[in-house]
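Structure assessment
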Amino acid sequence: MLLTETAEDIRTMKIRGAGRIARAAAEALREYAGTIEVSDLAAFRTEMQEAAEQLIATRPTAVSLPNAVHAVMSGLSGADSLPEARSALRERADTFIRSSLHAVEEIAAIGARHISDGDVLMTHCNSEAALACILEADRQGKEIEVYATEVRPRNQGLVTIRTLNDAGIRTNYILDSAVRYFMNEVDLVIVGADAITVNGAVVNKIGTAQIALAAHEARTNLIVAAETYKFAPRTILGELIEIEERSGSEVLPDTLARALSHVRVRNPAFDVTPAEYVDLIVTEKGAIPPGLAYSIIKEYLGWSIGEFHKGLV
Ligand code: RUB
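Here the structure is a predicted model, which is why all the values come from computation and not from measurement. (Residues numbered from 1 in each chain as written. Predicted model: local features only at pLDDT ≥ 70, side-chain atom pairs only at ≥ 80, totals over all residues. Heavy atoms only, no water.)

What follows deals with the domain arrangement of the protein. Reports of interface size often rely on the accessible area that becomes lost once the parts have come together. Taken domain by domain, the protein holds domain 1 (2-105) and domain 2 (109-310). Placing a centre on the C-alpha atoms of domain 1 and another on those of domain 2 gives a separation of 25 Å. Taken together, the contact pairs 22 residues of domain 1 with 28 residues of domain 2. The interface formed by domain 1 and domain 2 includes two salt bridges. (Domains from an automatic or database assignment. Contact = heavy atoms within 4.5 Å. Salt bridge = Lys/Arg side-chain N within 4 Å of Asp/Glu carboxyl O.)

Following this line, the structure appears as C-alpha cells:
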C-alpha cells in the first residue's frame, strides 16, 4: 500500500528533502482516501486520522510534513458524506502538490534576482528550493560558480553536485569542514529549510548553523529558499522544533563503535541558525527579512495567536 510504503521511504530517507517529503505525504493520503474500504464517514475519519499520524511520525523536524498533512486533512471538516470526504481529500492533496511545485518555480524566479552575474555561491545539503534559484540564475545566462559541501553522514552533497554538473555549472565539491577555508571566496550562501520559526530562526541540515556563523564572520550574505509551508505555526506558542537524532551507525560503523565502550556517537540531523545570521528568506510570496516570519504564518498559513487561544487549531 502506498501509505505504508511512503511512510517507510520517508523514515529511511529514500524520500528526503522537506518539499519532496511533503508532496509524497500528500500523494499517499490522496491514494489512501480513494482506496480504503470503510462503511461510513466516521470510520473514514478515524482511518484517515491514523494514516495522518503514521506519516507525521516518520521524521520529526521538517514542518512541511505536518503542514502538508494538515492542508490535506482540512478537507474533512466540511464533508457531510463519505463520497464527499473522499473527493475533498483528493482535491486538497492535488491542490497542495500543484501549489508546492509552483512555489518552487516562483522561488527560483525570485531567488535568481538575488544572484548576480559573476557570483560565487555556496550551498549545503540538497535543497530543491535552493538549487532551483541557482539553476534559474544559470538559465538566465549569469556566470556562476558553486561550492557544494559533502554533507556527512548521508552525503546529500553528491545529489547536489550531480544536478549542478548536469546543468554545466562550475562546481567545487568540498568537505563540510572546509567551509571557513573557502568562505572569503564566496559572495552568497544559499540554503533550504526544513522549518522556520516565528522569530525567523532556520532549521536545516546539520552544519548550516556553522556555515552561517562563518558567513557572518566573513560578511558574506546568507539567503534561505523556503516555501511558505516550511514555516512552523506552533512556534507561535513557544513550541520548539524537534531535532531528529539519527542512528550513530550512520557516523561510525557498529563494529568500531562497540569496541569503544566510553564513546557515544551523536548524530543530530539538523541544527538551528539564528535569525540574525539570515539576510533574507525567499518564499513564493516574495523575499522577506526573517523578522517577518510571523506574517507568513498568519497570512499564508492562516494560523494566528488568536486562533490558537480560541482552541481552533
Ligand atoms: C534535507 C535538508 C534540505 C531541506 C530543504 O535534509 O536539510 O536542506 O529539507 O530541502 P534531509 P527542499 O536530507 O535529511 O531530508 O528545499 O528540497 O525542501
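Moving on, we come to the packing of aromatic side chains. Applying the stated criterion to the full structure yields three aromatic pairs. Taken together, the ring pairs connect Tyr-147, Tyr-181 and Phe-182 into an aromatic cluster. The ring of Phe-270 has Lys-205 sitting right over it, with the charged end atom 4.4 Å from the ring centre. (Phe/Tyr/Trp six-rings, centres within 6.5 Å; stacked < 30°, edge-to-face > 60°. Lys NZ or Arg CZ within 6 Å of the ring centre and 35° of its normal.)

Near the ligand there are 18 residues, and of these Arg-16, Gly-19, Ser-127, Asn-204 and Lys-205 occur at the shortest range. Ala-18 is positioned such that a nitrogen or oxygen atom in its backbone is 2.8 Å from an oxygen atom of the ligand. Protein chains shield 100% of the accessible area of the ligand, which is 460 Å² for the free molecule. Secondary structure elements with two or more residues in the shell around the ligand: helix 2 (18-35), helix 6 (128-139) and strand 6 (202-205). Of the residues that make up the shell around the ligand, three or more belong to each of domain 1 (2-105) and domain 2 (109-310). (Near = heavy atom within 4 Å. Polar contact = N/O pair within 3.5 Å; in protein donor to acceptor, adjacent residues only side chain to side chain. Areas by Shrake-Rupley, 256 points an atom, 1.4 Å probe, with all protein chains shown as cover. Helix = DSSP H or I, 4+ residues; strand = E, 2+ residues; numbered from the N terminus.)

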